[in-house]
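# Structural features, examined
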Amino acid sequence: MQCEICGADIPGASTRITIDGSALEVCKSCARFGKQEDKFSPVPRKIVPAERAFRPVRKPKPRDSFQDLKEVVPEYGHKIKEARDSLGLSLEELADRLKEKASLLRKIEREELVPEDEIRKKLEKELKIKLIEEGGAERWKPGAGTRGLTLGDIASIKKR
Ligand SMILES: [Zn+2]
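So, here's what we can say about the structure.

Parameters at a glance
Residues numbered from 1 in each chain as written. Predicted model: local features only at pLDDT ≥ 70, side-chain atom pairs only at ≥ 80, totals over all residues. Heavy atoms only, no water. Donors = N, O, S within 2.8 Å, 3.2 Å for Na, K, Ca; no water. Tetrahedral: all angles 85-135°; square planar, octahedral: opposite > 155°, others 65-115°. Helix = DSSP H or I, 4+ residues; strand = E, 2+ residues; numbered from the N terminus. Buried < 20%, exposed > 50% of the residue type's maximum accessible area, 1.4 Å probe, protein only. Arc of directions from axis to C-beta. Pairing = 2+ DSSP bridges. Salt bridge = Lys/Arg side-chain N within 4 Å of Asp/Glu carboxyl O. Contact = heavy atoms within 4.5 Å.

## Some details on the coordination of the zinc ion
In this structure, C3 (SG), C6 (SG), C27 (SG) and C30 (SG) serve as the protein donors to the zinc ion, at separations of 2.3 Å. Viewed at the metal, the four donor atoms of the zinc ion are separated by angles of 104 to 115°, and the geometry they form is tetrahedral. Sequence positions of the residues that donate to the zinc ion give the spacing C-x2-C-x20-C-x2-C. Within this pair, whereas C3 is found in the segment before β1 (15–19), its partner C27 is found in the loop between β2 (22–26) and β3 (35–36), the two being separated by 24 residues in sequence.

Laid out in structure tokens, this is it:
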């Protein structure tokens, strides 16, 4: 019988230990590397490194089901109202321009309703504002992302 860890011949009875759920026949000096099986609890508990155990779990974005759905900025209602005010448009006038109901726009401004893509695009165009989070496919655009792009970066992007 050879020790499954160090390969040494085991003179007497081998010691059966478990390491991370797998059983090994080892010599006495290697027994300290694992838990002796007869003391081992029937439910194996994996040892999670402390660092990983305490790191907050970040949920991946459900990309598949929301492929075309961009995230609307959290303060969209405020943004719309601000832009509308600066253009001197009333809610009704804006609704008229967009061929939408004023009541619908009011709900959007109050952030009771997240604008659909179609309405959002119309609002963005009419008010010249951005209502979606920068990021994803648009990250390369100047001013977006975590660091600003230089003209050199843009030139090299265009070359590719
Ligand atoms: Zn050994």
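Picking up where we left off.
## What to know about helix α5 (residues 117–127)
Along α5, the residues classified as buried are I119, R120, L123, E124 and L127. Within α5, the buried residues cover an arc of 135° as seen down the axis, which keeps them to one side. For α5, exposure combined with an orientation more than 90 degrees from the buried face picks out E118 and K125. One or two residues past the end of α5 sits K128, with phi positive at roughly 55°.

## A word on the pairing of β2
Bridge count between β1 and β2: five bridges; the pairing is antiparallel. Bridged to R16 within β2 is E25. If you look at the hairpin formed by β1 and β2, you'll find two residues sitting between the two strands, and D20 has a positive phi there, around 55°.

## Focus: the pattern of salt bridges
Using the criterion set out here, one finds nine salt bridges in the structure. Two residues, E92 and R106, come together in a salt bridge whose shortest N-O distance is 3.5 Å. Here E92, found in helix α3 (residues 91–98), pairs with R106, found in helix α4 (residues 102–109); they are 14 residues apart in sequence, far enough to count as distant. Residue class for R106 comes out partly exposed when judged on its relative accessible area of 33%. Among the charged side chains, a network of salt bridges with common partners joins D117, R120 and E124.

## Notes on α4
Considered for burial, the residues of α4 that qualify are A102, L105, I108 and E109. The buried side chains of α4 occupy one side of the element, clustering within an arc of 120° when seen end-on. On its buried side, α4 packs onto α2 (76–86), α3 and α5. Downstream of α4 by a residue or two, E111 has a phi angle that is positive, lying close to 60°.

This is a description of form; function is not addressed.
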